[in-house]
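Notes for the structure review
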Amino acid sequence: MLSPGEIEQVNRGTKVLGGDYVYRGLELTVPSGVLVPGGTSEVIFDALHDGLVGVQGASVVVMGCGAGVEPVLARQRGAREIYAMDIHEASVASSLASFERHTGPRDPERHHFLVSDLFSALPPGRRADVILFNPPANPLRSDDPDLTRVNFSGSAIMVSFFDEIASRELLAPGGRVVTVLSNASNLQGITAHALRRGFKPELLRRKTWSAPYDKILTHLLSFTL
Ligand SMILES: C[S@@+](CC[C@H](N)C(=O)[O-])C[C@H]1O[C@@H](n2cnc3c(N)ncnc32)[C@H](O)[C@@H]1O
């Protein structure tokens with residue numbers, strides 16, 4: 001795991017003051033307070049885009065949807081149903097705006113955009129084939145509440161995330177959780193907790209970065225039950 005100084009350094013580029021963002025021709029206007037997607041975000045975007053994580057016909061939960069790229073890609077890749085959720089109201093609104101801008105009006109029966117602390121707003125009985133989460137699992141403290149929410153919630157958020165999925169049985173048979181974790185978070189501790197809750201991990205992709213981010217090792221992980 002990186003040292004606190006290194007984690008602080010690699011997070012200096014985090015943008016929460018809004019701005020324009022483009023992913024493979026997909027243009028987004030990101031409001032202040034919402035994470036402007038970065039390289040880690042794109043590890044999940046790429047997996048959806050190139051089909052490493054298939055969602056055709058799937059019920060998909062996008063946890064922490066932020067600016068809303070994942071819901072757009074999920075609809076474009078044929079998801080049957082999408083729940084885009086975030087604890088931050090402006091992020092949910094931003095996701096819905098991006099979704100309708102790029103894929104047309106949402107179908108209220110199939111496309112749900114919910115302000116939610118983890119799965120609290122997910123209606124009882126729902127099960128997902130794919131749950132995506134680029135989590136704010138870095139263990140530093142910040143005085144900036146937006147930075148804390150998008151990056152620095154520590155391992156606790158992943159403990160609750162896996163606990164809720166396991167105890168509420170939120171994965172459909174054969175379903176999986178796809179998440180991105182690096183050595184800027186407590187990867188071993190988080191994975192150990194998932195193992196204790198019965199999840200089986202699989203490394204889908206490893207990503208390294210060029211300087212000044214060359215100490216970061218990022219893992220795209222899949223967890224099944
Ligand atoms: C690292 S950002 C990822 C945003 C977007 N998915 C991306 O990759 O660019 C983490 C997101 O999780 C949201 N978040 C933080 N705590 C949360 C919670 N308890 N429940 C739901 N969402 C949460 C944040 O508001 C933020 O949008």
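We now turn to the structure provided with this report. Please read all numbers here as calculations on a predicted model, not as lab measurements.

Turning our eyes to something else, we now look at the packing of helix α6 (residues 156-167) against helix α7 (residues 187-196). How two helices pack is summed up by the angle between their axes together with the distance between the axes. At a minimum axis distance of 10 Å, the contact between α6 and α7 shows a crossing angle of 20°. When the interaxial angle is binned, α6 and α7 end up roughly parallel. In the packing of α6 onto α7, the handedness of the crossing is right-handed. The residues of α7 that touch α6, namely those facing Met158, Val159, Phe162 and Asp163, are Ile190, His193 and Ala194. Class assignment for the residues of the contact of α6 with α7 results in five nonpolar, one polar and one charged.

End to end, helix α4 (residues 89-103) covers 21 Å across 15 residues, agreeing with the expected 21 Å (1.5 Å per residue, within 8%). Within α4, the full set of buried residues consists of Ser91, Val92, Ser94, Ser95, Ser98 and Phe99. Buried residues of α4, seen end-on, are gathered within an arc of 160° and therefore sit on one face of the element. Summarising the contacts, the buried residues of α4 are in contact with β2 (26-30), α3 (69-76), β4 (81-86), β5 (111-115) and α5 (145-150). Positive backbone phi, approximately 90°, marks glycine 104, located one or two places after α4.

Glancing now at the packing of aromatic side chains. Going through the model one piece at a time under the given rule, you end up with eight aromatic pairs. Between phenylalanine 162 and phenylalanine 223, the aromatic rings sit 4.9 Å apart at their centres with planes inclined by 65°, giving edge-to-face as the arrangement. Within this pair, whereas phenylalanine 162 is found in helix α6, its partner phenylalanine 223 is found in strand β9 (residues 217-224), the two being separated by 61 residues in sequence. Given a relative accessible area of 0%, phenylalanine 162 falls into the buried group. Note on phenylalanine 223: relative accessible area 0%, which makes it buried. The structure contains a cluster of three or more aromatic residues connected by ring pairs, namely Phe119, Phe133, Phe161, Phe162, Phe199 and Phe223. The ring of tryptophan 209 carries lysine 207 above its face, with NZ or CZ at 4.8 Å from the centroid.

As a structural note, the neighbourhood of the ligand is formed by 19 residues, with Gly64, Glu70, Asp86, Leu118 and Arg149 the closest of them. At 3.4 Å from a nitrogen atom of the ligand is found a main-chain nitrogen or oxygen belonging to serine 116. The separation between a nitrogen atom of the ligand and a polar side-chain atom of aspartate 117 is 2.8 Å. Its free accessible area being 600 Å², the ligand has 96% of it covered by the protein chains. Residue classes in the shell around the ligand are distributed as nine nonpolar, six polar and four charged.

Calculation criteria
Residues numbered from 1 in each chain as written. Predicted model: local features only at pLDDT ≥ 70, side-chain atom pairs only at ≥ 80, totals over all residues. Heavy atoms only, no water. Axes fitted to C-alpha atoms, helices over the stretch in contact; angles between N-to-C directions. Helix = DSSP H or I, 4+ residues; strand = E, 2+ residues; numbered from the N terminus. Parallel < 35°, antiparallel > 145°, perpendicular 65-115°, else oblique. Left-handed = near helix turned anticlockwise from the far one by under 90°. Contact = heavy atoms within 4.5 Å. Nonpolar A, V, L, I, M, F, W, Y, C, P; charged D, E, K, R; others polar. Expected span 1.5 Å × (residues − 1). Buried < 20%, exposed > 50% of the residue type's maximum accessible area, 1.4 Å probe, protein only. Arc of directions from axis to C-beta. Phe/Tyr/Trp six-rings, centres within 6.5 Å; stacked < 30°, edge-to-face > 60°. Lys NZ or Arg CZ within 6 Å of the ring centre and 35° of its normal. Near = heavy atom within 4 Å. Polar contact = N/O pair within 3.5 Å; in protein donor to acceptor, adjacent residues only side chain to side chain. Areas by Shrake-Rupley, 256 points an atom, 1.4 Å probe, with all protein chains shown as cover.

Without other data, these values stay purely geometric and don't point to any function.
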